[in-house]
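# Close look at the chain arrangement
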Amino acid sequence: MRISLNWLRELVEIKLSPEELAETLTMAGFEVEEIEDRRTWANGVVIGKVLERQPHPNADKLSVCQVDIGTGETLNIVCGAANVKADIYVPVATTGTYLPKIDLKIKPAKLRGVPSQGMICSLKELGLPTDVDGIHIFTQENLPLGSDVRPLLGLDDVILDLTATANRADALSMVGVAREVAALTGGKLSISEPDEVSISKNAGNLALKIADTQACPAYIGTVIEQVKIAASPEWLQQRLRAAGVRPISNVVDITNYVLLEWGQPLHAFDCDRLQSLASSENLSIGVRFATAGESLKTIDGQTRTLSTQNLLITANEKPVALAGVMGGEETEVHEGTQRLVLEAALFDSVAIRRSSRSAGLRSEASGRYERGVNRAELEIANRRALSLISELASGILVQQEIADTRPDKSTWSHSIALRLDRVNQILGPIDLGEDTGELQEQDVERILTALGCQLTPSGEDSTHQRTWSVSVPPYRYRDLEREIDLIEEIARLYGYNKFCDTLPEKAEAGYLPLDEELIRNLRAFLRAEGLTELIHYSLVKPGEDRGIVLTNPLFVEYSALRTDLISGLIDAFQYNLEQGNGALNGFEIGQIFWREEDGLQETEALAGIVGGDRTLGRWAKSGREQLLTWFEAKGILESVFRQLGLEIEFQPDRRDDRLHPGRTASLWIQGNRLGIFGQLHPQLRREKGLPDSVYVFQLDLDVLLDSLGEDEILVPTFGSYSTYPASDRDIAFFAPVKISVAEIQKVITKAGKDLLESVELFDEYRGENVPEGQRSLAFRLVYRASDRTLTEAEVEPVHNKVREALVEKFGVNLRS
């Protein structure tokens, strides 16, 4: 919120400089993001009077003006504005003046041969917004020549751009900030409540019909007649501009002014337009939720289709405004408006938040309603607006209707028990220079009293420490609810920097948890294989089986939780191809979610996608990329598992219809399913325009970490190397295609027992001379002993056992 110090000084005594005040507010939790010193924008600009205007002898669009600035000497100034003329008061930048908004220093100059001794300024050149194309002309008469223009233009001011935390709805107003400044600095408050307004008659054709009193606990509607729409007085326009609000007309400006002053959103309807839209002189203003399919054109010119979450203001059941968000275009105040209905209402913060989000629309009003408007000062803000409308727009109040279901006023200020020992226990010792101490009773009472609280001593607790019953002011009822809230306020106003910094007596070296260390190693191994780590949103489009749909999503595209990581990786692969980045090799570690009969489930998964050429240097392949084979892609995973010290079993799998049914395997570790690996299905690849060879995998990270956390993996046992030579044997046979190599290797390993060091498949053949439904496989078996060189007599019996086991188990046809 932009805070004008001139306006703030009318509400509270300020003895600090703007910089000191900004520092004080920032240290109290109200961050001042910028100090806008408007006094520098027109330093050296004075009031002048154009005595004479003559056309420039050498330029059609220039004028030569004689300007009096009260120094006794008439200045000759060349001006290019079309609206310059004699006998007008204007802002004049004298020689030597620097205008920071246009980065210009005024120097004596010659323009087309005519000397110029200054510059007649426009508002834009002084940093102020304007619709006038030309110099600024003061409307006042008999202005003192040579005097400073800044008080007339509101440039004798400093603006603080202040950010309030979400819990401080009261600080979104000038009155709220003034109260905070008074509490922080001890300055005297000068907040005056407006007098009661008089209603000329109480009978009329306005009625209220609040369908949902929970969404709208209070509504005040006032009919005002004989209104004269005109421009606001200069003082009001200057205050709105300082706050970053564009002046429109006196009535609209008054509602914006009260919003800034008291934090209470208001809205003015054109009463005649309301009656015309309602097709009746008897007007019933209502508050209800919209029905699906209703529409409303808001004052920003957009027609909005409404949902059941949108809270509406209606005239005889016809929508005229989005309650608490924005008014409707058909009933807005315009130049010909003569009768008004002024709305001052309280709306439920949750209802406005949902309505604003559903409509995709935020406003100054909705931002305040969402945080919570002060229910105790609704009438004050309404009276302030009505008195200003009477004063500045000549309005006559003819009827006021009130619908109020707020709780009794006695409940607006609640009490909280506060213990002195709890305050010091939470906040710790205070720094007293060379010594430390604790907060005393008088400190607590001074701070909370400055915040508007009333403290009543309630005796002492069991430790003989002072306790109070603290009555919270109505305007702080939303964020001061518990004892800890009061303690936070004490620390904030006393000064966080005045409390002692304490460190542990003994520092210990930090360490990573085991799971985090294992995951970091896993990431490093995957990167070493040429895979890039990817990060995607956990939110996806709805429609997946067992998916979890969000009740209140931000966007339709992000309205469900992902059930796996593979889909996101495939989309990323496709996107990179379409952007010309080539095939993607990447992995991701993230949460996945799904729904089961016993509730919602969540786990962490590791997934990857590979399909790009992993080699470097295309010159060796004539510029063509070399597609990955299934075994090369599988080798990436096996390399990672080997570095982790894990033995993984691959088994054929057909359960995922996104993957090729003949080139997909499930991964198992010690009898537990670890995940899946396979090539993308040809149909899916064609639909997404992907290359022929793209492979994906997804692993259950919990199963992987459990296996890595076992002692034999964390602390591997050293096995001595054999210094004796190995004895190799090859074995080849025909085997049915349905028998996997993994099954064959298990049988060979079991039959070879202690002498068999390794077994490796080195050849596969299908085709001519191979029986149908079978394939030719060739394995190399390596035998070795750790204490001797094996002889033929020792190796042959073991090798024969391997051959016999294969024939017995699988019925293979041995070729060697």
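Residues numbered from 1 in each chain as written. Predicted model: local features only at pLDDT ≥ 70, side-chain atom pairs only at ≥ 80, totals over all residues. Heavy atoms only, no water.

### Digging into the overall build of the protein
- When you go through the protein residue by residue, the secondary structure sums to 21 helices and 42 strands.
- Taking 2.2 N^0.38 as the reference for a compact globule, 816 residues should give roughly 28 Å; the C-alpha atoms of the protein span a radius of gyration of 40 Å, well beyond that estimate.
- With respect to the three principal axes, the spread of C-alpha positions in the protein is 125 × 90 × 75 Å.
- Within the protein, the fraction of its 816 residues that count as buried is 46%.
- For the protein, long-range pairs separated by at least 24 residues make up 68% of all intrachain contacts whose partners lie at least 6 apart in sequence.
- A total of about 42,100 Å² of accessible surface is found on the protein, and carbon and sulfur atoms cover 47% of it.
- Taken as two groups, the 87 positive and 123 negative side-chain charges of the protein have centres that lie 4 Å from each other. (Helix = DSSP H or I, 4+ residues; strand = E, 2+ residues; numbered from the N terminus. Rg over C-alpha atoms; globule rule 2.2 N^0.38 Å. Buried < 20%, exposed > 50% of the residue type's maximum accessible area, 1.4 Å probe, protein only. Contact = heavy atoms within 4.5 Å. Areas by Shrake-Rupley, 256 points an atom, 1.4 Å probe, with all protein chains shown as cover. Lys, Arg positive; Asp, Glu negative; His and termini not counted. Charge placed at Lys NZ, Arg CZ, Asp CG, Glu CD.)

### Thoughts on the pattern of salt bridges
- Under the defined criterion, the tally for this structure stands at 53 salt bridges.
- Two residues, E329 and K297, come together in a salt bridge whose shortest N-O distance is 3.2 Å. Note that E329 is positioned in the loop between β21 (326-327) and β22 (340-346) and K297 in strand β17 (residues 295-297), a separation of 32 residues in sequence.
- Within this structure, R168, D170, E180, R476, D479, E489 and R492 form a network of salt bridges that share partners. (Salt bridge = Lys/Arg side-chain N within 4 Å of Asp/Glu carboxyl O.)

### A closer look at the packing of helix α4 (residues 174-185) against helix α6 (residues 250-262)
- Closest axis-to-axis distance for the α4/α6 pair is 4 Å, and the angle between their directions is 25°. Classified by the interaxial angle, the pair formed by α4 and α6 is roughly parallel. For the pair formed by α4 and α6, the contact residues are M174, V175 and R179 on the first element and L260, E261 and W262 on the second.
- Grouping the amino acids of the contact of α4 with α6 by side-chain chemistry returns four nonpolar, no polar and two charged. (Axes fitted to C-alpha atoms, helices over the stretch in contact; angles between N-to-C directions. Parallel < 35°, antiparallel > 145°, perpendicular 65-115°, else oblique. Nonpolar A, V, L, I, M, F, W, Y, C, P; charged D, E, K, R; others polar.)

### Describing a nonpolar patch on the surface
- Taken together, the side chains of Y537, L554, F555 and Y558 define a hydrophobic patch exposed on the protein surface, amounting to about 490 Å² of accessible area.
- Judged by relative accessible area, F555 falls into the exposed class, the value being 51%. (Patch = residues over 30% accessible without salt bridge, like charges linked within 9 Å, V, L, I, M, F, W, Y side chains within 5 Å.)

### Structural notes on empty space enclosed by the protein
- Applying the stated rule across the entire model yields one cavity of 30 Å³ or more.
- Space inside the largest cavity adds up to approximately 240 Å³.
- Lining the largest cavity are 24 residues; nearest its centre among them are A169, D170, G372, V373 and N374.
- At the level of secondary structure, the elements contributing two or more residues to the lining of the largest cavity comprise α4 and α10 (378-393).
- Sort the elements by how many residues they give to the lining of the largest cavity and α4 lands first, with three residues.
- Its residues assigned to classes, the lining of the largest cavity shows nine nonpolar, seven polar and eight charged. (1 Å grid on protein atoms, 1.4 Å probe; cavity = no way out; pocket = protein on both sides within 12 Å on 5 of 7 lines; lining within 4 Å. Points joined across faces, edges and corners; volume = space filled by probe spheres on them.)

### Notes on the nonpolar core
- L8, L160, Y219, L283, I313 and F347 are the most contacted members of the largest nonpolar core, which has 91 residues in total.
- In terms of residue count, α10 provides more of this core than any other element does, eight residues in total.
- Setting aside residues no more than four positions away along its own chain, F347 makes contact with A215, C216, P217, V287, L311, I313, A323, G324, I352 and Y369. (Core = buried A, V, L, I, M, F, W, Y, C linked by side-chain atoms within 4.5 Å.)

### Here's the deal with the side chain of R168
- Take R168: it is sitting in the loop between β12 (158-163) and α4.
- Among the polar contacts listed, one links the side chain of R168 to the side chain of E180, at a separation of 3.0 Å.
- Those residues in contact with R168 that sit more than four places away from it in its chain are F30, E180, R476, D479, E489 and R492. (Polar contact = N/O pair within 3.5 Å; in protein donor to acceptor, adjacent residues only side chain to side chain.)

### Quick notes on a positive patch on the surface
- A surface patch of like charges, here positive, comprises R353, R354, R357 and R478.
- For R353, the position within the fold is in helix α8 (residues 349-359).

### Section: the packing of aromatic side chains
- Under the definition given, this model contains ten aromatic pairs.
- Consider the rings of W630 and F631, whose centres lie 5.5 Å apart with planes at 80°: the pair is edge-to-face.
- Residue classification places W630 among the buried positions, given a relative accessible area of 18%.
- In textbook terms, an aromatic cluster arises when at least three aromatic residues are bridged by ring pairs, as seen for W630, F631, F677 and Y695.
- Directly above the ring of Y494 sits K498, whose terminal nitrogen or CZ lies 5.4 Å from the centroid.
- For the cation-ring pair, K634 lies above F650, with the distance from its terminal atom to the ring centre recorded as 4.6 Å. (Phe/Tyr/Trp six-rings, centres within 6.5 Å; stacked < 30°, edge-to-face > 60°. Lys NZ or Arg CZ within 6 Å of the ring centre and 35° of its normal.)

### A look at the environment of S707
- By secondary structure assignment, the location of S707 is in helix α18 (residues 701-708).
- Owing to a relative accessible area of 5%, S707 belongs among the buried residues under this scheme.
- Between the alpha carbons of S707 and T467 there is a distance of 56 Å; along the sequence they are 240 residues apart.
- When neighbours within four sequence positions are excluded, S707 is seen to be in contact with L646, I669 and I713.

### Quick look at the confidence of the model for the protein
- Residues with a pLDDT of 70 or more make up 98% of the protein, whose mean pLDDT is 90.
- Mean pLDDT values over the elements of the protein span from 78, in helix α19 (residues 711-714), up to 96, in strand β38 (residues 695-700). (pLDDT = per-residue confidence, 0-100.)

### Brief notes about the sheet that holds strand β13 (residues 206-210)
- Spatially, the five strands line up as an open sheet ordered β13-β16-β19-β20-β21, and their pairing is mixed. The sheet is open, and its two borders are formed by β13 and β21, each paired with just one other strand.
- Sheet contacts for helix α7 (residues 271-278): β16 (283-289), β19 (311-315) and β20 (318-322); angle to β16, the most-contacted strand, approximately 75°. (Pairing = 2+ DSSP bridges.)

### Description of the sheet that holds strand β33 (residues 586-596)
- Spatially, β29-β33-β34-β38-β37-β36-β35 is the arrangement adopted by the seven strands of the open sheet, whose pairing is mixed. Each of the sheet's edge strands pairs with one partner strand only, and the pair in question is β29 (532-533) and β35 (649-652).
- In this sheet, strand β34 (residues 599-610) lies alongside β33 in antiparallel orientation, the contact comprising eleven bridges. Within the sheet, the bridge partner assigned to I589 lies in β34 and is L606.
- Contacts from helix α15 (residues 566-578) reach β33, β34, β37 (672-680) and β38 within the one sheet, and its direction differs from that of β34 by about 35°.

### Brief notes about unusual backbone geometry
- Even without being glycine, D103 reaches a positive phi, approximately 50°.
- If you trace the backbone, D103 turns up in the loop between β7 (98-99) and β8 (104-105).
- Judged by relative accessible area, D103 falls into the exposed class, the value being 57%.
- At Q226, a position not held by glycine, the phi torsion is positive, near 60°.
- Mapping Q226 onto the fold places it in the loop between β14 (218-225) and α5 (234-242).
- Classification of Q226 as exposed rests on a relative accessible area of 53%.

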